[in-house]
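Listed here are the chains, written in short residue letters.
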Amino acid sequence: SLMQKKQSSNLGPFQVMQIPIAYTPTLIAEHKAAVVVQLMEQVQGDLRWEFPLQGIAEATSSENTPKLVVKSRKAVSQVCAFPLLGLTTDMDQEEFTSELVIGNDIEYRRAAVNSITVTRTTPDQFAKELQSDGPHIFYEFIFAPLRPFTITAELLVRKASGGMWRFPIQLEAAAPEPDDVIVIEAAVNVVATVTFQLYNVLPFQRDFIAYFTPDSP
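No experiment lies behind these values; they were computed from the predicted model shown. (Residues numbered from 1 in each chain as written. Predicted model: local features only at pLDDT ≥ 70, side-chain atom pairs only at ≥ 80, totals over all residues. Heavy atoms only, no water.)

Across its full length, the protein chain carries 2 helices and 10 strands. In the protein chain, the succession of helices and strands from N to C terminus is β-β-β-β-β-β-α-β-α-β-β-β. In summary, the protein chain has a C-alpha radius of gyration of 28 Å against a globular reference of 17 Å for 217 residues, an excess of more than 25%. Pairs at least 24 residues apart make up 64% of the contacts formed inside the protein chain by residues separated by at least 6 positions. Split by element, the accessible area of the protein chain, about 16800 Å² in all, is 52% carbon and sulfur. Averaging the locations of the 17 positively and 25 negatively charged side chains of the protein chain gives two centres separated by 4 Å. (Helix = DSSP H or I, 4+ residues; strand = E, 2+ residues; numbered from the N terminus. Rg over C-alpha atoms; globule rule 2.2 N^0.38 Å. Contact = heavy atoms within 4.5 Å. Areas by Shrake-Rupley, 256 points an atom, 1.4 Å probe, with all protein chains shown as cover. Lys, Arg positive; Asp, Glu negative; His and termini not counted. Charge placed at Lys NZ, Arg CZ, Asp CG, Glu CD.)

Written as structure tokens, this is what we have:
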């Protein structure tokens, strides 16, 4: 095999052979190669197999994890700077794309996806402060959840010439503030009623349920 540095291996009829391959990149880049397997004995047609390989170097950062915290039905905007460790080329000569991957919690994942937007930006105040700390890329997060939840996410930053960075992000939507205080007054042994308006923030019709919490008197 390649890792065991064997020049040849014997393979019996209907047997399967595993070929281990190690990949240890030193730069954030994309590398391509091919594994060629052929018979030692020359036969008609020169029987051989070729397996293309694609190696993508990744860098994962766990320092200074951004945390977006806001109460439900409110919005918060935050600009974060992410260090591109291992980048050896000029940022102006590279094209970057990004993807926000939300955690695997099925209950809250859809709510998180619908509540956050990510836009690349270049704030001058960050650029001046981090000029001596290596290349950075900046993104603005707008977090506007409709319900409480806590979930983790990853921002994936890819460059067109190959390579990727992973940055963990924490999303936390706290319980919302009360929409209103409903005051109802009634004389003794007299039934009083009160009405209030309920606003649907969604762009389509939804069913709502009204109930008292267990700690209500």
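Having seen it, we continue.
Next up on the list: a nonpolar patch on the surface. A cluster of nonpolar side chains, Ile182, Ile184, Val194, Phe196, Leu198 and Phe208, forms an exposed patch at the surface whose accessible area comes to about 620 Å². Turning to its location among the elements, Ile184 is positioned in the segment after strand 10 (164-174). (Patch = residues over 30% accessible without salt bridge, like charges linked within 9 Å, V, L, I, M, F, W, Y side chains within 5 Å. Salt bridge = Lys/Arg side-chain N within 4 Å of Asp/Glu carboxyl O.)

Mapped onto the elements of the fold, Glu185 is located in the segment after strand 10. What makes Glu185 exposed here is its relative accessible area of 69%. Expressed as a C-alpha distance, the spacing of Glu185 and Ile102, which sit 83 residues apart in the sequence, is 47 Å. (Buried < 20%, exposed > 50% of the residue type's maximum accessible area, 1.4 Å probe, protein only.)

Let us now look at the sheet that holds strand 8 (residues 136-143). Pairing is antiparallel in the open sheet, where 3 strands are placed in the order 5-8-7. Of all strands in the sheet, those with a lone pairing partner are strand 5 (76-83) and strand 7 (116-121), marking the two edges. With direction set aside, neighbouring strand axes in the sheet form an average angle of 25°. The pairing of strand 5 with strand 8 spans 8 bridges and is classified as antiparallel. Its bridge partner being in strand 8, Ser77 is matched across the sheet by Ile142. (Pairing = 2+ DSSP bridges. Axes fitted to C-alpha atoms, helices over the stretch in contact; angles between N-to-C directions.)

With that out of the way, let us pick up the pattern of salt bridges. Inspection of every chain in the model, using the stated rule, returns 7 salt bridges. Between Lys159 and Glu94 there is a salt bridge, with its nearest N and O atoms 4.0 Å apart. A residue pair is termed long-range when its members are at least 10 positions apart, and Lys159 in strand 9 (residues 149-159) and Glu94 in the loop between strand 5 and strand 6 (96-102) qualify at 65 residues. Lys159 sits in the buried class, given a relative accessible area of 8%. Residues joined by salt bridges that share partners form a network here, namely Glu58, Glu154 and Arg166.

This paragraph deals with the packing of aromatic side chains. Throughout the structure, instances matching the rule amount to 6 aromatic pairs. With a centroid separation of 4.8 Å and 45° between ring planes, the pair formed by Phe82 and Phe167 is classed as tilted. With a gap of 85 residues between them, Phe82 in strand 5 and Phe167 in strand 10 connect regions that are remote in the sequence. Taken as a pair, Phe82 and Phe167 share a single burial class, namely buried. Here the aromatic residues Phe82, Tyr139, Phe141 and Phe167 are joined through ring pairs into a cluster of three or more. (Phe/Tyr/Trp six-rings, centres within 6.5 Å; stacked < 30°, edge-to-face > 60°.)

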